[in-house]
Amino acid sequence: MSKIYEYSILDSDAKEVSLGKFKGKVMLIVNTATGCGFTPQYAPLEEMYEKYHDKGLEIIDIPCNQFGGQAPGSDEEIHTFCTLNYDTKFEQYKKSDVNGAKELPLYTYLKSQKKFEGFNPENKLTPILEDMLGKADPDYASKPDIKWNFTKFVVDRDGNVVKRFEPTADMAEVEKFVASLL
């Protein structure tokens, strides 16, 4: 059995959900925020969910307020924002840290499986992120930490963490990769 299924996360009601629940499915695990330049990625995420959920895709949405304080609301406020603005149907889990002393153990595992490999040079936000992160930590690129909101990890049907997409990744490429696993 894959190690990923040993991890649990909390749902928005603070009830524990084992990732074993998703055994045999493709998971797209993403740390999100409602007030970010990448927040519009909720639209293609929802489109993917509607298109591929019946084929075995699960989107694991974990709001995170660690990057610029861009997810300041309660779990309920975040859910309301997403359903009103993006008509999201996939479940959102409890807002959690993805880096640092209080990071979800799931994220410790994900980062150990897929390291940071750089931002998409074609995305107009890449120079801004690189400049900001470089000023905060000149060695940021060599660390596996999550760099910003909307970092995505893809887990195949066997529970293997097979790909990490940074927030600057083209969402069409994310969809193409996910679809190839279904």
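Quick look at the structure, then. Keep in mind the model is a prediction, meaning the values are calculated, not measured.

Another point: the overall build of the chain. A tally of regular secondary structure across the chain gives five helices and six strands. Along the chain direction, N to C, the helices and strands of the chain fall in the order β-β-β-α-β-α-α-α-β-β-α. For the chain, the C-alpha radius of gyration of 15 Å lies close to 16 Å, the compact-globule estimate for 182 residues. Going through the 182 residues of the chain one by one, you find that 48% of them count as buried.

The subject of this paragraph is the layout of surface pockets. Taken as a whole, the largest pocket holds about 270 Å³ of empty space. Every residue lining the largest pocket is counted, 16 residues in all, and those nearest its centre are Gly118, Lys163, Arg164, Phe165 and Glu166. Top element by residues in the lining of the largest pocket is strand S6 (residues 161-165). It accounts for three residues. Grouping the constituent residues of the lining of the largest pocket by class yields five nonpolar, three polar and eight charged.

Considering all chains together, one arrives at eleven aromatic pairs under this definition. The interplanar angle of 70° and the centroid separation of 5.7 Å between the aromatic rings of Tyr49 and Phe90 together place this pair among those described as edge-to-face. Here Phe90 lies in the loop between helix H2 (75-86) and helix H3 (105-113) and Tyr49 lies in helix H1 (residues 42-52), a separation of 41 residues in the sequence. Take Tyr49 and Phe90: they sit in the same class, and that class is buried. Seen in terms of ring centroids, Phe116 and Phe119 are 5.0 Å apart; in terms of plane orientation they differ by 70°. Their pairing is edge-to-face. Here Phe116 matches Phe119 in class, with each residue buried. Feature note: the residues Tyr42, Tyr49, Phe81, Tyr86, Phe90 and Phe150 constitute an aromatic cluster, connected by ring pairs.

So, on to the pairing of S6. Bridge count between strand S5 (residues 152-155) and S6: four bridges; the pairing is antiparallel. Residue pairing across strands places Val154 opposite Lys163, the latter belonging to S6. Between S5 and S6, which pair antiparallel and follow one another directly, the connecting turn spans five residues, one of which, Gly159, has a positive phi of 90°.

About the criteria used
- Residues numbered from 1 in each chain as written.
- Predicted model: local features only at pLDDT ≥ 70, side-chain atom pairs only at ≥ 80, totals over all residues.
- Heavy atoms only, no water.
- Helix = DSSP H or I, 4+ residues; strand = E, 2+ residues; numbered from the N terminus.
- Rg over C-alpha atoms; globule rule 2.2 N^0.38 Å.
- Buried < 20%, exposed > 50% of the residue type's maximum accessible area, 1.4 Å probe, protein only.
- 1 Å grid on protein atoms, 1.4 Å probe; cavity = no way out; pocket = protein on both sides within 12 Å on 5 of 7 lines; lining within 4 Å.
- Points joined across faces, edges and corners; volume = space filled by probe spheres on them.
- Nonpolar A, V, L, I, M, F, W, Y, C, P; charged D, E, K, R; others polar.
- Phe/Tyr/Trp six-rings, centres within 6.5 Å; stacked < 30°, edge-to-face > 60°.
- Pairing = 2+ DSSP bridges.

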